[in-house]
Structures are given as C-alpha cells and as structure tokens.
Amino acid sequence: MSDTTMEMAVPRGPRNAVITYLATTVVVLLLMMVFGLLMRLEQAGVDLLGAAGFYQVLTAHGAGMVGAVALGSSAVMWYFLRRHVELSTGVFLLNLALFLLGAVLILGGIFVGGFAGAWTFLYPLPQTPMGLWTQAAAASFFLGLLAIGVGFLLLYIDIARALIANYGGLGRSLGLPQLFGRAGNPPPPAVVASTMVLIVNTLGIVAGAAILSMSLINLYQPGFEIDSLWAKNLIYFFGHVFINATIYMAVIGVYEILPHYTGRPWKVSRVFLAAWAASTVMVLLVYPHHLLMDFSQPTSLHVLGQVISYTSGLPVLLVTAWGALTNVYRSDIRWDIASGFVFLGVFGWAAGVIPAIIDATIVVNTVMHNTLWVPGHFHFYLLLGVVAMMFGFMAWLTRAQEKGDGFFDRLGFWTFTGGGLALVAAFLYSGASSVPRRFAEHLPEWAAYAQLGSVAAALVILGTLLLALRFFLGLKRVANNVA
Amino acid sequence: MLQSISLWLTILLVVPVTATFLWVAFSRPAAVDAGELATRSYRLRDWTFWVLLAVVTPVFLYTLTLMPYGADPEAEGVQAVNVTGHMWRWELSQDEFRVGEPVQFRVTSQDVNHGFAIYDEDMTLLTQTQAMPGYTNILEYTFEQPGTYQVLCLEYCGVAHHAMVAELTVTE
Ligand code: HEM
Ligand SMILES: [Cu+2]
C-alpha cells in the first residue's frame with residue numbers, strides 16, 4: 001500500500017507549530033524518563049538522590065510526564081482536527097507558551113524551593129512542609145499547574161468554537177443525531193473524539209482550577225479551611241479526567257494513520273458513536289475508584305467506581321482495539337515504525353486496562369491500593385499506549401517515503417517496546433508482592449525488582465533517544481510528507 | 001492470595017491479547033473482500049460482548065459481597081483501637097491483640113493524609129484504609145495467626161513517608 005499522495009497540504013505556520021509541540025514533548029519526555037530511571041535506581045539501592053531528592057524527582061516526574069503527554073497528544077488531535085474545522089494557530093501556540101511558563105514555575109518550585117508534595121498535591125501536604133519547602137515553593141507549583149490548565153482551557157474553547165461553527169453544536173459533532181437514527185453522514189472520528197475530549201477535559205480542568213485556587217488561598221490564609229475528603233474528590237476527578245483525555249486525544253492518530261497503511265477506511269458506525277458518547281459520561285463518573293480506601297466516602301460512590309471501571313473498559317476493547325484489529329487483519333499492511341507504533345499503542349491501551357480493571361475491584365484494592373501495581377498498570381497504557389501512539393504520529397510525519405526505515409529505527413522500536421514491557425512487568429510483579437509505591441527506600445528483598453526496573457528504564461531511554469534523533473533529523477522531510 | 005489471583009488473571013488475559021495482536025499483525029494472505037471480513041469480525045464482536053457480560057456480571061456481583069466497609073462502631077466483642085497518623089509515626093492506643101477476635105482500627109490523622117496498612121511477617125499486604133485528617137475510618141480485621149505484624153504508611157506524606165512504621169503483636 002503506497003501512502004504518498006493521501007495527505008492534504010498543511011501550511012507552514014500550523015506545521016511548524018505542531019513540530020514545535022512535538023519537539024518540546026520529546027525533550028521533556030526524555031528528561032522525565034531519566035528522572036524515572038534515577039528513582040528506580042534509588043529503590044534498587046544506588047543512592048544518588050537521597051530521600052528528599054527522591055520525592056522532589058517523583059513530584060517532577062508525575063507533573064512533567066502528565067504535562068508532556070498532554071502536550072504531545074493535543075498536537076496529534078489538533079493536527080488531524082484541522083482537516084475538518086478551522087482552528088486558530090495563535091491559540092494553539094498560546095497554550096504552548098503557557099505550558100512552558102507553567103513548566104518553569106513547577107520546576108522552580110521543586111528544585112529551587114524544594115517542593116515535594118507530589119503531582120497530586122493532596123491537601124494539606126503542600127501546606128505542611130515540615131521545613132522542607134517554603135510557602136513560595138508550593139505557590140509556584142500551584143501557579144504552574146494553573147498556568148498549564150488555563151492554556152488547555154483556552155485551546156478547548158477555540159476547538160469548541162470551531163466545532164460549533166461547523167457542526168451547529170457539540171451534540172452534533174459528537175454524532176448524537178446519527179447515533180439516534182438520523183440519516184446522513186456522521187462526523188469523522190477526529191471530530192467525534194475531539195468533542196468528547198473537550199467536554200470532559202473542560203470540566204476536569206475547571207474542577208482542578210477550583211481546588212488549586214483553594215489550596216493557594218489556604219496556603220496564605222490557613223483560616224480558609226478545606227475539607228480533605230472534598231479536596232481529594234476534586235483532585236482525583238481532575239487528575240483522572242486530565243490524564244485519560246490524553247489517551248482519547250492520541251487515539252485520533254490511530255483512526256487517521258492506520259487506514260493509510262491498510263487501505264481500509266475507519267468507518268464511523270453507530271457502535272462507534274455509542275462508544276464515544278458512553279465514554280463521555282463514564283470518564284466523568286469513574287474517578288471514585290481512586291478513593292476506594294477512604295471508608296468515609298459513601299459506599300454508593302465506591303460501588304459506582306467499580307461498576308464504571310468495569311464498563312469503561314468495553315468501548316476501549318470492543319471498539320478501538322477490535323476496530324484496529326479488524327482494520328489490520330489480512331490487509332497486507334506494510335509495517336514500518338509509524339504503523340508499528342500506532343498498533344503498539346492500541347495494544348498497550350487494551351492490555352493495560354486489564355490490570356487497571358482488576359485493581360478497581362474494591363476487594364482487590366484493599367491489597368493493591370498504593371502498591372506498585374498502580375504505576376504498573378498506568379505505565380502500561382501511558383508508556384506503551386499514549387506515548388507509542390504519539391511516537392507513531394511523529395514517525396509518520398518524518399517518514400522517508402522511498403527509503404523506508406533503517407536499522408536504527410527498528411532498533412529504537414524494539415528497544416522501546418521490550419524495555420517498556422519489562423518496566424511494566426517489574427512494577428506489576430512488585431505490586432503483586434505488596435511493594436508500596438512512592439517509597440524512596442525499598443527493603444533489601446525488593447531490590448531485585450527495582451534493579452530489573454532500572455535496566456528496563458535504560459532500554460526505554462535508549463529507544464526513545466534513537467526515535468528522538470530520527471525525529472529531529474527527519475524534520476526536513478515533514479514539508480514533503482504533508483505539503 | 002488476592003495478589004496472586006490478580007497477577008495470574010492479568011497474565012491469563014494479557015497473553016491472549018498479545019497473541020491476538022501478533023497473529024493479526026502477521027496475518028496472510030491479503031483478503032480480497034475486506035467488507036465480508038469486517039462483517040464477520042463484528043458479528044464475532046457482538047458475541048464476545050454477550051459472553052463477557054455473562055461471565056463478568058456474576059464475578060462482579062460476588063466481589064461486592066466482600067467489601068470492607070460498614071463496620072459497626074457499636075459492635076460488642078471486638079477489640080477497639082484508636083490509630084492516629086502523624087508525620088512521621090503511628091500512635092496506637094493498643095498494639096497487642098488476640099488471635100481470632102475481630103479488631104476495629106479507628107483510623108485518623110493529626111496532620112496530612114496517611115495510609116494505614118497491615119503487613120504480615122512475610123511482608124504481604126493484608127488490608128488497609130486511609131488515615132485522613134477530620135475523618136475516622138473504621139477498618140475491621142481478624143488476625144488468624146499469632147505473630148508480629150508491621151504497619152506501613154501507604155499514602156505519601158513527605159520526606160520520611162517510607163520510614164513511618166509500627167509493629168503489632170498478636171497472641172493466642
Ligand atoms: C523510562 C520511562 C519511565 C520510567 C523509568 C518511569 C519510572 C517511574 C517511577 C520509578 C515512578 C515512581 C514509582 C513509585 O511510586 O515508586 C513513576 C511514577 C509515575 N510515572 Fe513514570 N516512568 C516512565 C515513564 C512514564 C511515562 C511515559 C508517564 C506518563 C505518560 C509516566 C507517568 C508517571 C506518573 C503519573 C507517576 C506517578 C507519580 C506519583 O506517584 O506521584 N511515567 N515512574
Ligand atoms: Cu504517612
């Protein structure tokens with residue numbers, strides 16, 4: 001299947017904006033991966049950070065990774081959505097500027113001010129530093145997250161404006177009329193997915209901004225009291241929605257890129273529309289599975305958390321994964337690292353939700369909550385899912401059309417994949433062996449898992465380096481590929 | 001026990017998913033009629049949906065009977081103990097218990113969020129609840145073996161989080 005001529009021209013401005021997004025993403029990603037390796041080494045007994053340093057790096061890794069992945073996947077979404085509606089490049093770049101501002105504030109708060117309240121900034125830890133960080137450091141961290149949130153909010157407002165202008169409403173761009181039997185062409189996948197993302201993430205960011213502002217006020221006015229259970233609900237609602245939205249943005253790359261390789265279009269069926277409509281609701285309702293060990297939370301919310309966790313796996317597996325498999329099956333697909341990464345991304349997502357759903361079972365959660373089982377499942381669908389989809393998009397933009405992939409491309413792909421699987425396996429196995437998450441020091445009997453994890457991390461970093469290099473060296477090809 | 005079930009279940013499900021992706025990736029020969037293939041695939045998907053529903057629903061309902069909530073604070077014949085988390089130590093009103101008789105841990109925190117988790121002598125996690133300022137969570141657990149148990153903190157609470165350890169003794 002040749003894919004030389006299918007692309008619509010992308011003018012220079014938006015093209016460069018997308019490239020700048022991806023370049024920023026890769027650089028942040030690499031740095032944060034090195035942080036991840038340092039943490040794993042610390043747990044393996046190679047003491048480079050010390051406990052205080054470990055928790056600072058943990059805070060940076062969490063916030064930095066979530067931010068980087070959000071940035072990269074929004075580039076995927078924006079690039080493909082542009083084909084259908086008119087988006088503002090200015091707003092897109094403003095989001096990047098606010099992201100960079102936020103990153104400076106966050107990194108400054110952590111590494112200058114000593115802040116180590118974790119990216120989940122659970123109240124009242126940031127306000128209770130025990131001499132390890134200053135008020136200003138916590139404020140800087142809060143303001144950094146707020147800046148990033150505001151940037152994304154502006155981006156979603158622009159997207160909402162464009163979708164409403166083009167389709168006459170968000171219900172329509174979500175494909176609700178066709179879902180309920182109205183004749184006519186449903187919107188393309190990129191439009192449906194973007195609509196879902198902007199709805200849920202706007203709500204998520206507003207909740208996040210609310211608790212961030214309250215935390216900021218409380219920092220300087222302790223008399224302004226916050227209820228810790230409410231704070232936790234708001235934070236996990238925001239955190240869960242925001243990180244999940246990255247998957248729903250990146251998956252647009254799957255819908256758009258895979259068909260070029262298989263020669264089979266991604267059909268928007270009613271099942272597809274139903275899945276996205278259902279996901280819109282479920283993503284908003286599922287966050288109580290983060291609070292299953294808060295016995296004071298109403299039991300109905302716990303049960304809701306378990307029910308929705310189970311059902312929200314269905315659209316993933318039965319629509320996107322099944323759809324991708326059907327699209328590829330006996331299509332004589334030509335594998336290169338672009339199609340390979342996109343396909344790997346679907347696998348990482350589909351397989352990663354399995355340990356996640358198991359952990360969302362209340363009785364299992366009593367022995368898995370806050371063990372390394374949790375980083376085990378989320379690295380599965382973030383590293384091998386979202387990041388893989390993003391790498392697929394980057395490889396596709398910079399593909400060498402005549403030459404195909406070289407040895408180093410394939411080496412990068414397999415090092416990343418093998419390292420990623422080993423990294424996830426080491427986390428999951430540790431979790432099943434009761435090893436706590438977020439521990440700077442591990443018991444001697446756990447050190448072997450962390451050592452394996454360190455080797456795996458080094459492989460992932462090596463693979464990512466090769467792919468980043470290919471991306472930067474291939475940038476001159478982007479113009480040919482998409483113009 | 002629950003840990004190994006979870007691990008095995010994950011392996012049992014992830015392996016076939018992986019195999020399916022590999023099998024599809026290298027499937028031959030190219031199909032002449034992609035539409036026909038898709039129709040068959042989606043028919044299979046509908047079947048899978050109903051099978052999943054039929055298998056998962058009973059398991060799901062069964063797990064709900066095992067929920068750890070709703071301990072009765074008025075209950076008689078339990079060993080009641082107050083647990084308070086501090087940065088970075090546990091304060092327990094009592095740390096010796098009898099085997100076979102339910103213990104009610106009434107868990108709260110003086111400062112930030114902590115996680116009250118009980119480990120056995122092999123460092124296997126037995127059960128846990130959150131320690132949250134302003135709230136008291138009642139965790140009921142019956143020790144079945146005499147011996148020494150460890151309490152670890154399972155909610156990140158600052159620089160000495162990993163060192164916030166206590167010991168429980170359970171006797172006949
Ligand atoms: C080379 C790749 C990576 C390595 C070595 C790595 C390593 C780690 C380690 C060691 C932890 C702390 C585990 C613990 O609780 O003890 C962690 C946590 C985390 N990682 Fe990664 N990671 C990698 C990639 C990623 C990616 C790609 C993402 C997101 C897209 C990510 C997101 C997170 C998040 C959100 C946390 C939780 C932080 C917290 O507990 O506050 N990581 N990672
Ligand atoms: Cu603690």
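The model shown is predicted, which means the values in this text are computed figures rather than measured ones.

This part covers empty space enclosed by the protein. Residues and elements named next belong to chain A. Tallied over the full model, the rule gives four cavities of 30 Å³ or more. In this model, the second largest cavity occupies a volume close to 70 Å³. Forming the walls of the second largest cavity are Ile-337, Phe-341, Phe-391, Met-394, Ala-395, Thr-398, Leu-467, Arg-470 and Phe-471. Taken together, the elements giving at least two residues each to the lining of the second largest cavity come down to helix H11 (337-359), helix H13 (373-397) and helix H15 (447-473). Split by residue class, the lining of the second largest cavity holds seven nonpolar, one polar and one charged.

Residues and elements named next belong to chain A. Near ligand 1 lie 24 residues; those nearest to it are Gln-43, His-61, His-379, Arg-437 and Arg-438. Within the side chain of Gln-43, an N or O atom sits 2.8 Å from an oxygen atom of ligand 1. Here Arg-437 contributes a side-chain N or O atom positioned 2.8 Å from an oxygen atom of ligand 1. Only helix H1 (12-44), helix H2 (50-81), H13, helix H14 (407-432) and H15 provide two or more residues apiece to the shell around ligand 1. At six residues, H1 tops the list of elements feeding residues into the shell around ligand 1. Residues belonging to the shell around ligand 1 are distributed by class as follows: 16 nonpolar, five polar and three charged.

All names here are of chain A. Residue placement: Arg-470 occurs in helix H15. Overall, Arg-470 belongs to the buried group, its relative accessible area being 10%. With residues up to four places along the chain from it excluded, the contact list for Arg-470 reads Ile-337, Ala-395, Thr-398, Arg-399, Asp-405 and Asp-409.

Size it by volume and the largest pocket reaches roughly 1,600 Å³. In terms of lining, the largest pocket is formed by 50 residues, of which the most central are Leu317(A), Ile354(A), Leu13(B), Leu52(B) and Val56(B). Taken together, the elements giving at least two residues each to the lining of the largest pocket come down to helix H10 (299-328), H11 and helix H12 (362-368) of chain A together with helix H1 (2-25) and helix H2 (34-64) of chain B. The leading source of residues in the lining of the largest pocket is H2(B), at 16 residues. In this structure, the second largest pocket occupies an estimated 480 Å³ of space. Among the secondary structure elements, those contributing two or more residues to the lining of the second largest pocket are H11 and H14 of chain A together with H1 of chain B. The residue makeup of the lining of the second largest pocket, split by class, is twelve nonpolar, three polar and three charged.

Residue and element names in this part refer to chain B. Distances from the copper ion (ligand 2) to its protein donors, His-114 (ND1), Cys-153 (SG), Cys-157 (SG) and Met-164 (SD), fall at 2.1 to 2.5 Å. One way to put it: the four donor atoms around the copper ion (ligand 2) meet at angles of 92 to 122°, and that makes the site tetrahedral. Site description for the copper ion (ligand 2): donor spacing in sequence, H-x38-C-x3-C-x6-M. Of this pair, His-114 sits in strand E5 (residues 114-119) while Met-164 sits in the loop between strand E8 (147-153) and strand E9 (166-171); the two residues are 50 residues apart in sequence, bridging distant segments of the chain.

Thresholds applied
Residues numbered from 1 in each chain as written. Chains lettered and ligands numbered in written order. Predicted model: local features only at pLDDT ≥ 70, side-chain atom pairs only at ≥ 80, totals over all residues. Heavy atoms only, no water. 1 Å grid on protein atoms, 1.4 Å probe; cavity = no way out; pocket = protein on both sides within 12 Å on 5 of 7 lines; lining within 4 Å. Points joined across faces, edges and corners; volume = space filled by probe spheres on them. Helix = DSSP H or I, 4+ residues; strand = E, 2+ residues; numbered from the N terminus. Nonpolar A, V, L, I, M, F, W, Y, C, P; charged D, E, K, R; others polar. Near = heavy atom within 4 Å. Polar contact = N/O pair within 3.5 Å; in protein donor to acceptor, adjacent residues only side chain to side chain. Buried < 20%, exposed > 50% of the residue type's maximum accessible area, 1.4 Å probe, protein only. Contact = heavy atoms within 4.5 Å. Donors = N, O, S within 2.8 Å, 3.2 Å for Na, K, Ca; no water. Tetrahedral: all angles 85-135°; square planar, octahedral: opposite > 155°, others 65-115°.

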